[in-house]
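Single-letter residue listing:
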Amino acid sequence: LVGLIIQKSRASLRRKDTEILYRDELFQKLSMNVDDVFLMLDAKTYQADYVSPNAENLLGITVEQIRRDIRVLGKLHPAEHEDPEKNYLEEIKVHEQREWDFEYVHQKTGERRWFHSVAMGSEVNGDKKYILVMSDRTADKKMNQALSDAVHAAENANQAKSTFLSNMSHDIRTPMNAIVGFSGLLEKSLHDEKKSLGYIKKIRVSSDILLTIINQVLEMARIESGKITLNPESVNIREMVEAMNTVFESSLTKKSLEYQCSLNVVHDQILCDKTKMEEIILNVVSNSIKYTNPHGKITVSIDELDSEDEKNADYKVVVEDNGIGMSQDYLPHIFEEFSREETSAKNEVLGTGLGLPIVKSIIELMEGTIQVE
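Keep in mind the model is a prediction, meaning the values are calculated, not measured. (Residues numbered from 1 in each chain as written. Predicted model: local features only at pLDDT ≥ 70, side-chain atom pairs only at ≥ 80, totals over all residues. Heavy atoms only, no water.)

Remarks on the layout of surface pockets
We apply this condition: Here the term cavity refers to a set of points on a 1 Å grid, laid over the protein atoms alone, in which a 1.4 Å probe fits but cannot get out; the term pocket refers to an open set having protein on both sides within 12 Å along at least five of seven lines, with lining residues being those that place an atom within 4 Å of a point. Grid points are joined across faces, edges and corners, and a volume is the space filled by probe spheres set on the points. Numbered from the N terminus, helices here are DSSP runs of H or I no shorter than four residues, and strands are runs of E no shorter than two. Under the scheme applied, nonpolar residues are Ala, Val, Leu, Ile, Met, Phe, Trp, Tyr, Cys and Pro; charged residues are Asp, Glu, Lys and Arg; polar residues are all the others, including Gly.
Taken as a whole, the second largest pocket encloses approximately 400 Å³ of empty space. As for the second largest pocket, its lining consists of 20 residues, and the residues nearest its centre are I70, L73, K86, N87 and Y88. For the lining of the second largest pocket, the secondary-structure elements that each account for two or more residues are β3 (97–105) and β5 (127–136). Considering each element in turn, the lining of the second largest pocket owes the most residues, 3 residues, to β3. Grouping the amino acids of the lining of the second largest pocket by side-chain chemistry returns 13 nonpolar, 4 polar and 3 charged.

Shown next, in the form of structure tokens:
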């Protein structure tokens, strides 16, 4: 009977040992494939009785380092952390639980990571223990940030759409109303050739303004979608500038403006996107003409600068006028889309507030800069 009892006890112990072995193996394997670090600490000595083997992977600190001195976890806190020595476990009672979030620095990669920590008070064989679970929430944090950024981008896009509709509704409606109005007057005045020609001229002017607005909107859309590219071709810069000066003649004459253009270049023949170059200069000079009062003065200077690379030339274009100018407060906003300074003088001049943003985008595509005083 005693022999049977001993044999049965041994079998029971073997089963328990096997269960413990299996449980330990299962826990080891699971802990290596989860984003949680498990620790069990003695409440008196703070010695680590157990550290899950994935600690080094998630924290960059070895199991041996943690067992040797638990304070090594303090190194995980970023340099600007208020109190890396603070003990978050003290005063946690048996069966009590506390949670907090922390930002940690991985000790091997230097990467900032976010953890959610749970500490529980427990009792094993009459001794108080702390069970600490440190869960890596970096992926969740990044996902939430990505979602937040997406929401922010959607809100910005919605705001941009509202701003666009608000600005465009007025700018498009003005020339459209003129076209519709003068078309009605033309219909009634077909018998009067002089009046008819006057109305046709006004319809053409309004159509040109409307076409300019639509083209600028489409150009800005292409720029924002990243579809705008440079198409270099061989261009004679003197001929190009002379052609542009011809375009300005009628507007300058109409306002009796004094116009001077100086060209100081070494290389006449250059490789550039002629259309984009013309768009830049035409846009800026047209602004000067629009916002300079009659009998004012506009000067344009184009100078070739010294270049260390013999295959490339740098050109500095300066457009100056003695027009109405703008306030110092408005200067930082001059290159913003749909931005126009609200003054009675400027509100009389038609414009979309897209010209200069387009110019800036093209210049930056050419690896250049633009500034205003």
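What follows picks up the thread again.
As for the side chain of D42
Selection criterion: A simple rule labels every residue: compare its accessible area, found with a 1.4 Å probe on the protein chains alone, to the largest value its type can have, and call it buried under 20%, exposed over 50%, or partly exposed in between. Think of a polar contact as two N or O atoms within 3.5 Å of one another; within protein, one of them needs to be a possible hydrogen donor and the other a possible acceptor, and neighboring residues in sequence only count if both atoms come from side chains. Note on definitions: a residue-residue contact is assigned when non-hydrogen atoms from the two residues lie within 4.5 Å.
Note that D42 resides in strand β1 (residues 36–42). Residue classification places D42 among the buried residues on the basis of a relative accessible area of 16%. Side-chain polar atoms of D42 contact the backbone nitrogen of K44, separated by 2.9 Å. Contact partners of D42, with chain neighbours within four places excluded, come to Q47, D49, K128 and K129.

Describing the nonpolar core
Counted only if it meets this: What makes a nonpolar core is a set of buried Ala, Val, Leu, Ile, Met, Phe, Trp, Tyr and Cys residues whose side-chain atoms join them at distances within 4.5 Å.
Counting residues in hydrophobic clusters, the biggest one holds 26 residues, and the most contacted among them are L39, I66, L73, L89 and M134. Listed by contribution, the elements that provide at least two residues to this core are β1, β2 (48–51), α2 (55–59), α3 (63–68), β3, β4 (112–124) and β5. Contact partners of M134, with chain neighbours within four places excluded, come to D35, D36, V37, L39, L59, L76, Y104, F115, H116 and S117. Residues V235, C272, M277 and V300 belong to the second largest nonpolar core, which totals 18 residues.

Thoughts on the sheet that holds β2
Note the following rule: Only strands that DSSP links by at least two bridges are regarded as paired with each other. Angles run from 0 to 180 degrees between N-to-C directions of axes, and those axes are lines fitted to C-alpha atoms, restricted for helices to the stretch in contact.
If you trace the 5 strands from one edge of the open sheet to the other, you get β2-β1-β5-β4-β3, paired in antiparallel fashion. The sheet terminates laterally at β2 and β3, the two strands that pair on one side only. In this sheet, adjacent strand axes meet at a mean angle of 20° when their direction is disregarded. Across 9 bridges, the pairing between β3 and β4 is antiparallel. Bridge pairing links D101 to H116 in β4.

Structural notes on the packing of aromatic side chains
Which entries qualify depends on this criterion: Pairing of aromatic side chains requires ring centres within 6.5 Å, counting the rings of Phe and Tyr and the six-membered ring of Trp. Pairs whose planes differ by under 30 degrees are stacked, by over 60 edge-to-face, and all others tilted.
Counted by the stated rule, this structure contains 6 aromatic pairs. Aromatic pair F182 and Y199: ring centres 6.1 Å apart, planes at 25°, arrangement stacked. One end of the pair, F182, is in helix α4 (residues 138–188); the other, Y199, is in helix α5 (residues 193–224), with 17 residues separating them in the sequence. Through a chain of ring-to-ring contacts, the aromatic side chains of W100, F102, Y104 and F115 assemble into a single cluster.

Section: the packing of helix α6 (residues 237–254) against helix α7 (residues 274–290)
In a packed pair of helices, the relevant descriptors are the angle between the two axes and the axis-to-axis distance. To be explicit about the condition: Here the angle decides the label: under 35 degrees means roughly parallel, over 145 means roughly antiparallel, 65 to 115 means roughly perpendicular, and every other value means oblique. We call a crossing left-handed when the near helix sits turned anticlockwise from the far one by less than a right angle, and right-handed when that turn is clockwise.
The geometry of α6 relative to α7 is characterised by a closest axis approach of 11 Å and an angle of 30° between their N-to-C directions. Classed by the angle they form, the pair α6 and α7 counts as roughly parallel. The hand of the α6/α7 crossing is right-handed. For the pair α6 and α7, the contacting residues are M240, M244, V247, F248, S251 and L252 in the first and K274, M277, E278, I281, L282, V285, S286 and I289 in the second. Of the residues in the contact of α6 with α7, the class split is 10 nonpolar, 2 polar and 2 charged.

What about the sheet that holds strand β7 (residues 258–264)?
Here we have 3 strands laid out as an open sheet, ordered β7-β9-β10, and mixed in their pairing. In this open sheet, the two strands that pair with only one neighbour each are β7 and β10 (314–321). Along the sheet, successive strands turn relative to each other by an average axial angle of 10°, direction set aside. As paired elements, strand β9 (residues 297–305) and β10 share 8 bridges and run antiparallel to each other. Each residue of the ladder has a partner; that of T299, found in β10, is E320. Its contacts with the sheet place α6 against β7, β9 and β10, and it is angled at close to 175° to β7.

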